[in-house]
Amino acid sequence: FMKRTVGLSLGLGYLNEEYFKKMKDSGVDAVEISCASADYEKLDYRAIQQAADRTGIILWSFHYPFSPFDKLNLASLDENVRRASVAYLSELTRKASDIGIKRFVVHASGEPIAEENRAESLRVARESIAELAVVAKECGAVIAVEDLPRTCLGNCHGDILALIGDDPTLGVCFDSNHLTAERGEDFLAAVGHRLITVHISDFDFINERHWLPGEGKIDWTSMMQALDATGYDGVFLYELS
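Residues numbered from 1 in each chain as written. Predicted model: local features only at pLDDT ≥ 70, side-chain atom pairs only at ≥ 80, totals over all residues. Heavy atoms only, no water.

Below, the discussion takes up the overall build of the chain. Counting its regular elements, the chain contains seven helices and eight strands. A compact globule built from 241 residues would reach a C-alpha radius of gyration of about 18 Å, and the chain, at 17 Å, matches this within 12%. Expressed along its principal axes, the backbone C-alpha trace of the chain runs to roughly 50 × 40 × 30 Å. The long-range fraction of contacts in the chain, counting pairs at least 24 apart against all pairs at least 6 apart in sequence, stands at 73%. Carbon and sulfur atoms make up 51% of the accessible area of the chain, which totals about 10,700 Å². One finds the centroid of the 24 positive side-chain charges in the chain at a distance of 4 Å from the centroid of its 38 negative side-chain charges. (Helix = DSSP H or I, 4+ residues; strand = E, 2+ residues; numbered from the N terminus. Rg over C-alpha atoms; globule rule 2.2 N^0.38 Å. Contact = heavy atoms within 4.5 Å. Areas by Shrake-Rupley, 256 points an atom, 1.4 Å probe, with all protein chains shown as cover. Lys, Arg positive; Asp, Glu negative; His and termini not counted. Charge placed at Lys NZ, Arg CZ, Asp CG, Glu CD.)

Quick look at the pairing of strand 7 (residues 195-199) now. The element strand 7 is extensively covered by neighbouring structure, given that five of its five residues are classed as buried. Two elements, strand 6 (residues 170-175) and strand 7, share four bridges in a ladder whose sense is parallel. If you follow V172 over to strand 7, its bridge partner there is L195. As a crossover connection, the stretch from strand 6 through helix 6 (residues 184-191) into strand 7 is right-handed. (Buried < 20%, exposed > 50% of the residue type's maximum accessible area, 1.4 Å probe, protein only. Pairing = 2+ DSSP bridges. Right-handed = clockwise from strand over helix to strand, strands pointing away.)

What follows is about the sheet that holds strand 2 (residues 30-33). The sheet built from eight strands is open, its strands ordered 7-6-5-4-3-2-1-8 with parallel pairing. Where the open sheet ends on each side, the last strands, each with one partner, are strand 7 and strand 8 (236-238). Looking at each pair of strands side by side, their axes are set apart by 30° on average, direction ignored. On top of the sheet, helix 5 (residues 157-164) reaches strand 5 (142-146) and strand 6; it is set at about 155° to strand 6, its chief contact. Contacts between helix 6 and the sheet are confined to strand 6 and strand 7, with strand 6 contributing the most and set at about 165° to the helix. (Axes fitted to C-alpha atoms, helices over the stretch in contact; angles between N-to-C directions.)

Next up on the list: the side chain of R194. Looking at the secondary structure, you find R194 in the loop between helix 6 and strand 7. Buried charged residue R194 carries no salt bridge. Nearest counter-charge: D167, at 6.3 Å. Each residue touching R194, except ones within four places of it in the same chain, is listed here: I164, G165, D166, D167, L170, G171 and V172. (Salt bridge = Lys/Arg side-chain N within 4 Å of Asp/Glu carboxyl O.)

Another aspect to go through is the state of the cysteines. All chains considered together, the criterion is met by zero disulfides. Left unpaired, C139 is separated from the closest cysteine sulfur, that of C35, by 18 Å. Overall, C139 belongs to the buried group, its relative accessible area being 17%. (Disulfide = S-S within 2.5 Å.)

Just geometry here; none of it tells us what the structure is for.
Quick look at the structure:
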């Protein structure tokens, strides 16, 4: 299989020089910033950049916060919530891009979404993500829309393709432990040409688990063949519980 740089998705307590050095010593060379929602206000972006520079860690991606759903939801049918969500994520985009991060992972919606509201929620989410894409472009960055589980928008390749359209500032984050409506291999075959980043973990095909590969039911030989077939040569980024 294609050799890739290995990365980890990490929260606030691990975004420091001491932990970055431990990562580097263990053969992990890249990081995604992904915090509990309340912790984004506590991020010291400059300190993270300095720690990365001193240790040689790549600041690969930034995972936007996505909860609580009543206040932060790009697919909210409450226009005030939707606008506030776009404004907040735009602010985070500017802060993180200032320290060199150019890939931003987004959840298109909260949950649950009633079937009768799905089409309208998809339209609203697409509008919100398009607005974020404008900000990302201004910052020299791209937005990666993540596949999601359960009733969330993005739980199949059709949703994802509808959300990203043909905008070159928009692409896909493939999460290997989210899909239950279709196989990850089939999802990659459909959207792999728009792949920007990945979240790698294993699960039981019932619900997301964020286990280490080999602890769940994914056929990793088949999955890696599908990933290689997309031509993706970016960071192999673990997102583990």
